[in-house]
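Breakdown of the fold
So you can see what is in the structure, the chains are spelled out below.
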Amino acid sequence: MAGLLQALVGASEKAAHIARLCRREEPLFQLLVAEKTGPDRNRRFLQDFKTLADVLIQEVIKHDLGKQFPELQGHIHGEESNEFRTGQGETVAVRVCATPGDTAALLLSVLEPEREAAELLAAAVHRDVAPGDAELAGVVLGIPPQDLAVWIDPIDSTNEYIGGREDVAPIDGIAPAGLCSALVLIGAYDRQTGCPVLGVINEPFFRRDPLTRRWQGRYHWGVAYGDTRLCSLSPPPPRPAPRLVLSRAEAAAVRAALGPLCGDRLRFAAGAGYKMLCVILGLADAYVLSEGSTFAWDACAPHAILRALGGGAVALAEALRARRAGDTGPPPELVYNRPAEGAAGAERWANRGGLVAYAHPQQLEAVLAAL
């Protein structure tokens, strides 16, 4: 398990490198941000390069984890399909090949004629990445990888990643939008129970180096398995009155219900993963979402870290039903092995009925009471 934790962190670091590369190298950046129309529009795939960046990161993580832990093969899931159509109408499955040259050739079949872009990406895909983290290397755990499965969100908050805004001023440490909210999320859960047990969040765009002006990232990890609670962070202290983070699209009725609880301490941000990270870092006490607009890949990694810190993420609608029925037991936590009945496609893995991600149980109870 310790080896798996290190592998997940290493995979997140490689993913973060690719995400930064796509914004730093001009041949890739132009594909990332271009929206050509009319006769200038590329009829192949360049107008949606952002999806290729997502998929490539996803497939790199699948490849690297599956190679090191064959027991996980077939149990590493992501948000994106890896199939694309070329300009000749052929279907190409994006994957990591045996050599950088082979991977570049495959990517070129999608990106043609952008050879330099394909070669830059292929080199990043085959680059060895080792975290070099002494604390991480010292973690000793005992859970068999064959009991686990993995959810990947290769670039959470993709729209903010594409927009690339760096000038968004944070409010109480919480950025309302911008590049900093684009994250790599990798979470492992127990195949039988669906409970999240291990999570890694990587912030590829944490800060710029003042000398080189290149972006630097950071990562956080947590383990919550049995009686084991380990985390790269310390639990955040609770506030006397909670600060909550919401989506700007949150319903007016929900905002109004939470107003008496937190007054002027409602904050807003983009990206489900980023809002959960704000709770993990102690910038907010809870993230409340009333709609089923998040998915298993958004929540699994941060949920595992919250559990490691003594918090969690509950299914909001189910928790409210239980409270109204007089059930005073622990609210139902989100699980990650159970597709929604009657749903198709991505909706099978939606967190229907919303969620509350929380750092302290007393803050969760206050939120449920207010709602």
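The model shown is predicted, which means the values in this text are computed figures rather than measured ones. (Residues numbered from 1 in each chain as written. Predicted model: local features only at pLDDT ≥ 70, side-chain atom pairs only at ≥ 80, totals over all residues. Heavy atoms only, no water.)

The next point concerns the UniProt feature "binding site: Mg(2+)" (unreviewed entry) in the protein. Per the UniProt annotation, the sites labelled "binding site: Mg(2+)" (unreviewed entry) are Glu 79, Asp 153, Ile 155, Asp 156 and Asp 298. What stands out for the annotated residues spanning 220 residues is how close their C-alpha atoms remain, the widest pair being 9.8 Å apart. Following the sequence through the fold, Glu 79 ends up in the loop between strand 1 (76-78) and strand 2 (83-85). Setting aside anything within four residues of it in sequence, one finds Glu 79 in contact with Gln 58, Ile 152, Asp 153, Pro 154 and Trp 297. Judged by relative accessible area, which is 5%, Asp 156 ranks as buried. Not counting residues up to four positions away in its chain, the partners in contact with Asp 156 are Ser 181, Ala 182, Leu 183, Leu 185, Gly 271, Ala 272, Gly 273, Tyr 274 and Asp 298. (UniProt positions renumbered as here; feature names shortened; annotations may be inferred. Helix = DSSP H or I, 4+ residues; strand = E, 2+ residues; numbered from the N terminus. Contact = heavy atoms within 4.5 Å. Buried < 20%, exposed > 50% of the residue type's maximum accessible area, 1.4 Å probe, protein only.)

Let us look at the side chain of Lys 275. Locating Lys 275 in the fold gives a position in helix 9 (residues 272-280). In this structure, Lys 275 is buried with no salt-bridge partner, the nearest side chain bearing the opposite charge being Asp 156 at 7.7 Å. Those residues in contact with Lys 275 that lie beyond four places of it in its chain are Val 245, Leu 246, Ser 247, Ala 269, Ala 270 and Tyr 287. (Lys, Arg positive; Asp, Glu negative; His and termini not counted. Salt bridge = Lys/Arg side-chain N within 4 Å of Asp/Glu carboxyl O.)

A word on the pairing of strand 8 (residues 228-231). Side-chain direction in a regular strand flips from residue to residue, so the side chains alternate between the two faces of the sheet. Both strand 7 (residues 215-225) and strand 8 contribute to a ladder of four bridges, which runs antiparallel. When the bridges of strand 8 are listed, Tyr 225 appears paired with Thr 228. Counted along the chain from strand 7 to the antiparallel partner strand 8, the turn is two residues long, and its residue Gly 226 has a positive phi close to 60°. (Pairing = 2+ DSSP bridges.)

Further remarks concern the packing of aromatic side chains. Taken as a whole and judged by the stated rule, the model has five aromatic pairs. Aromatic side chains Trp 151 and Trp 297 sit 5.7 Å apart centroid to centroid with 55° between the ring planes, which places their arrangement in the tilted category. Of this pair, Trp 151 sits in strand 4 (residues 148-156) while Trp 297 sits in helix 10 (residues 296-308), and the two are 146 residues apart along the sequence. What makes Trp 151 buried here is its relative accessible area of 3%. With relative accessibility at 4%, the residue Trp 297 sits in the buried group. The interplanar angle of 40° and the centroid separation of 5.9 Å between the aromatic rings of Tyr 161 and Phe 205 together place this pair among those described as tilted. Separated by 44 residues along the polypeptide, Tyr 161 in helix 7 (residues 158-163) and Phe 205 in strand 6 (residues 196-208) bring together distant segments of the chain. Among the aromatic side chains, those forming a connected cluster through ring pairs are Trp 151, Phe 295, Trp 297 and Trp 349. (Phe/Tyr/Trp six-rings, centres within 6.5 Å; stacked < 30°, edge-to-face > 60°.)

This next bit is on the state of the cysteines. Each disulfide consists of a covalent bond between the sulfur atoms of two cysteine residues. Taken as a whole and assessed by the stated rule, the structure comprises zero disulfides. For the unlinked cysteine Cys 300, the closest cysteine sulfur is that of Cys 195, found at 9.1 Å. Relative accessible area serves as the criterion here: at 0%, Cys 300 is assigned to the buried category. (Disulfide = S-S within 2.5 Å.)

The subject of this paragraph is the packing of helix 4 (residues 100-111) against helix 5 (residues 115-125). Their axes nearest at 8 Å, the elements helix 4 and helix 5 cross at an angle of 140°. In terms of axis orientation, helix 4 runs oblique to helix 5. Seen along the crossing, helix 4 lies across helix 5 with a hand that is right-handed. Two secondary-structure elements touch here, helix 4 through Pro 100, Thr 103, Ala 104, Leu 107, Leu 108 and Leu 111 and helix 5 through Arg 115, Ala 117, Ala 118, Glu 119, Leu 121, Ala 122 and Val 125. Here the residues of the contact of helix 4 with helix 5 are counted per class, giving 10 nonpolar, one polar and two charged. (Axes fitted to C-alpha atoms, helices over the stretch in contact; angles between N-to-C directions. Parallel < 35°, antiparallel > 145°, perpendicular 65-115°, else oblique. Left-handed = near helix turned anticlockwise from the far one by under 90°. Nonpolar A, V, L, I, M, F, W, Y, C, P; charged D, E, K, R; others polar.)

Here strand 11 (residues 286-289) shows no split at all, with Ala 286 and Val 288 on one side and Tyr 287 and Leu 289 on the other all buried. In the sheet, strand 9 (residues 244-246) pairs with strand 11 via two bridges, with the strands oriented parallel. Directly across from Leu 244, in strand 11, lies its bridge partner Ala 286. Pairing analysis gives four bridges linking strand 11 to strand 13 (residues 355-358), with the strands arranged antiparallel. Its bridge partner being in strand 13, Leu 289 is matched across the sheet by Leu 355.

Grouped burial of nonpolar side chains is what soluble globular proteins tend to show. Grouped together as the largest cluster of nonpolar side chains are 61 residues, with contacts concentrated most on Ile 61, Tyr 161 and Trp 221. Here this core gets 11 residues from one element, more than from any other, and that element is helix 1 (residues 2-24). The contact partners of Trp 221, leaving out residues within four places of it in the chain, are Leu 5, Val 9, Glu 135, Leu 136, Val 139, Gly 199, Val 200, Leu 230, Cys 231, Ser 232 and Ile 305. (Core = buried A, V, L, I, M, F, W, Y, C linked by side-chain atoms within 4.5 Å.)

For Asn 202, the location among the structural elements is in strand 6. Of note is the side chain of Asn 202, whose polar atom sits 3.0 Å from the side chain of Ser 12. Ignoring sequence-local partners within four residues, the contact set of Asn 202 consists of Ser 12, Glu 13, Ala 16, Leu 183, Val 184, Arg 218 and Tyr 219. (Polar contact = N/O pair within 3.5 Å; in protein donor to acceptor, adjacent residues only side chain to side chain.)

With that settled, consider the sheet that holds strand 9. Spatial ordering of the open sheet is given by 10-9-11-13-12, a layout of five strands whose pairing is mixed. In the strand order of this sheet, the two ends are held by strand 10 (266-268) and strand 12 (312-315), each with one partner. Across the sheet, the axes of successive neighbouring strands diverge by a mean angle of 25°, strand direction being ignored. Sitting on the sheet, helix 12 (residues 361-370) is in contact with strand 9, strand 11, strand 12 and strand 13, with an inclination near 150° to strand 13.

In spatial order, the strands read 1-4-5-6-7-8; together these six strands make up an open sheet with mixed pairing. For this open sheet the edge positions go to strand 1 and strand 8, each flanked by a neighbour on one side alone. For this sheet the average axis-to-axis angle between neighbouring strands, irrespective of direction, equals 15°. Here strand 4 runs beside strand 5 (residues 183-190); their pairing, made up of seven bridges, is antiparallel. Looking at the pairing, Leu 148 lines up with Asp 190 of strand 5. Here helix 9 sits on the sheet and contacts strand 4, strand 5, strand 6 and strand 7; the angle it forms with strand 5, its principal contact strand, is near 75°. Strands strand 1, strand 4, strand 5, strand 6, strand 7 and strand 8 of the sheet are contacted by helix 10, whose axis makes an angle of about 100° with strand 6.

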